[in-house]
Every structure is written in structure tokens, then in C-alpha cells.
Amino acid sequence: MSNNHTGSDRANSNSTDGHHGRTRWVMGNWKMNPLRKEAIQLADALATGLSKQTAQPLCQLAVFPVALHTLEIETILHESPIELGCQDVSVHRGLGASTGELSAELLKDAGAQWVLVGHSERRSQQGESEALLSAKLKAALESGLNAVLCVGETLSEREAGRAEAVVAEQLTAQLVALADRFDAQRVVVAYEPVWAIGTGKSASPEDAQAMHAFIRQLLEKHRADLKTVSVLYGGSVKPDNAGLLASCPDIDGALVGGASLKAADFLAIARAFSG
Ligand code: PGA
């Protein structure tokens, strides 16, 4: 499968330039969108857009469609460099008596390489706890899926001056639970301030950079090799703010929601992070 990149492929690509060996990623979280026909059109538009993209090699790309559409989207993106992920994973492994669940093995079998864990919408809408998130992370990593761990504070937590403390608690809970069981290339951290998600109100490049530098310190303090973990920013990333965010030294890419549903916008954001 041509989109099954390894860590060394990435290290050889130009997607790490200027970021101290960290891979630059732009990832699209399609959330509960769109209907099947439009999802196919979006994947087709991404594949076509990328095949015309010759001027500049792009950073690494991944999309996270609705799980039900994974197989069809995989068929369309199979020949493209875009990697594929799912938005959730079960804590239950393999196959068996877990009605309604999708295990990491099933997701891999459908062509997924990545999974999102800890997105704020799942933390708030499904009440996912740190303990549940670590069981999901372990299920994903031990089954061979790579994981994007999402962290971020709410507006009231930021206003109370607790943004760093909250992010540290979320990140540390998962790092401690994972112990040494993962390789830095297989985990990406996404800093997504909850108040910036879907609101059109992105964090300022200064605030985002400060939090990314803080996250990087926490990662490195936990395990020296984790300094190469990519840390992405998420929360109202659009083509018109991507350039400034991309110029921050500790922002290695973006996790994009709304703007990832338009192929032209997603590719424009990818170009901003590929300079
Ligand atoms: P947004 O979503 O880009 O629509 O703010 C980001 C996310 O939830 O990952």
C-alpha cells in the first residue's frame, strides 16, 4: 500500500526541515461529516488536488473520515500519500462479543493507520475519562495503529489561569499510563484549546507557541526521545491563519476540523505547513 509510510520514509522526506527532526503533519478530522456521496467527492478532490501539486513537496497528510466510510475512502486514497485514520477506537481487542464497537484490528483491516484519542468532543459528549483514554491508547498502539492524543483546556480553565496545569494533567496521565510502551514516531500530540474548536476563534500564534513549547518540555522531561514527537495545533485553523501558526518554532502541524471538509482549504493549509 503506497500510503503506508514508515518513520524512516518520513525522516527522509522534506517534511521535517527546520523542525529538529520532527515530522510536520496536517491532519483532517471530518467528525460526523459528510454523507457518503460527499465524502467520496471530498476524497476524490484531495487525490486530484495532490496529483496536480508539483510545485512544492507537501508535509505528511492524514484524514479521519466517518468510520463507516473508511473502506471506500481507502480505495480512493490508496495511491495517494494521504494516510487514513479513524476518530475513535474500542478498548475491546480483536473480534468478539462487543456490540457496536470497532476494535483497532477492525480499523486496521479497513485500511486505517491512525486513530484520534482524547478529542474534546468525546471527552465532553461521551464523558471519556483519562482511564478510558489510556485503555484506548494502549489498544491502538499494541494493535499497530498510530495515535493522535488530543489535549486542551476549556475557556473557563484558561480564564482561571489553569491552561498549562490542565494540559499537563491530561498529557501526564497518558504518558504515565503508557509507560515505555510506544515509539515517538507512532504518537502525535494535538493541542486543541476547547474554546477554539469550531468557533472561528483560533488561539493567537503567541499563545499557541507558548503552550507547544510547554508540551514539548513535558514530553522531553518524561522521556528524552519524546522530543521528536510532533505537536500539532487544532482549533479553527483556516488557510488565512495557517501561515502564522506554521511560522511558530514549536508548532509542527495542524489538526483541522471544519476547513478539512473543503479540499482546496485543506490543501492550502497543508502548503502553509510545508514551506
Ligand atoms: P475546527 O476543529 O478546525 O473546526 O475548529 C478542530 C478539531 O476539532 O479537531
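Draft legend 1. Focus on the packing of helix 10 (residues 239–246) against helix 11 (residues 263–272). Running from N to C, helix 10 and helix 11 point in directions that differ by 20°, and their axes come no closer than 8 Å. Judged by the angle between their axes, helix 10 and helix 11 are roughly parallel. Once helix 10 is placed against helix 11, the crossing between them reads as right-handed. Across from Pro-239, Ala-242, Gly-243 and Ala-246 in helix 10, the residues of helix 11 making contact are Asp-265, Ala-268, Ile-269 and Ala-272.

Draft legend 2. Seen up close, the site of the ligand. Close to the ligand lie 13 residues; Lys-31, His-119, Glu-192, Gly-198 and Ser-236 are nearest. Between Glu-192 and the ligand, the recorded distance is 2.6 Å, taken from a side-chain N or O atom to an oxygen atom. Between the ligand and the protein, one listed contact pairs an oxygen atom with a backbone N or O atom of Gly-258 at 2.8 Å. Its residues assigned to classes, the shell around the ligand shows 4 nonpolar, 7 polar and 2 charged.

Draft legend 3. Molecular detail of the side chain of Glu-83. Structurally, the position occupied by Glu-83 is in strand 3 (residues 83–86). For Glu-83, a relative accessible area of 0% puts it in the buried group. Polar contacts involving the side chain of Glu-83 include one to the side chain of Trp-114, which spans 2.8 Å.

Draft legend 4. Representation of the pattern of salt bridges. Per the counting criterion, the structure on display carries 16 salt bridges. When the shortest N-O distance is used, the salt bridge between Lys-31 and Glu-121 registers 2.8 Å. Highlighted residues: Lys-31 in the loop between strand 1 (25–29) and helix 2 (36–51) and Glu-121 in helix 5 (residues 120–125), separated in sequence by 90 residues. A salt bridge links Arg-122 to Asp-88; its shortest N-O distance comes to 3.2 Å. Remark: Asp-88 occurs in the loop between strand 3 and helix 4 (104–109) and Arg-122 occurs in helix 5; sequence separation between them is 34 residues. For Asp-88, a relative accessible area of 26% corresponds to the partly exposed category. Through salt bridges with shared partners, a single network forms among Arg-22, Arg-216, Asp-250 and Asp-252.

Draft legend 5. Expanded view of the sheet that holds strand 6 (residues 187–191). If you trace the 8 strands once around the closed barrel, you get 1-2-3-4-5-6-7-8, paired in parallel fashion. Adjacent strand axes in the sheet meet at a mean angle of 25°, parallel and antiparallel pairs treated alike. Examined bridge by bridge, strand 5 (residues 146–151) and strand 6 share 5 bridges and lie parallel to one another. The residue bridging Val-148 from the neighbouring strand is Val-188, located in strand 6.

About the thresholds
Residues numbered from 1 in each chain as written. Predicted model: local features only at pLDDT ≥ 70, side-chain atom pairs only at ≥ 80, totals over all residues. Heavy atoms only, no water. Axes fitted to C-alpha atoms, helices over the stretch in contact; angles between N-to-C directions. Helix = DSSP H or I, 4+ residues; strand = E, 2+ residues; numbered from the N terminus. Parallel < 35°, antiparallel > 145°, perpendicular 65-115°, else oblique. Left-handed = near helix turned anticlockwise from the far one by under 90°. Contact = heavy atoms within 4.5 Å. Near = heavy atom within 4 Å. Polar contact = N/O pair within 3.5 Å; in protein donor to acceptor, adjacent residues only side chain to side chain. Nonpolar A, V, L, I, M, F, W, Y, C, P; charged D, E, K, R; others polar. Buried < 20%, exposed > 50% of the residue type's maximum accessible area, 1.4 Å probe, protein only. Salt bridge = Lys/Arg side-chain N within 4 Å of Asp/Glu carboxyl O. Pairing = 2+ DSSP bridges.

Read these as spatial facts, not as claims about activity.
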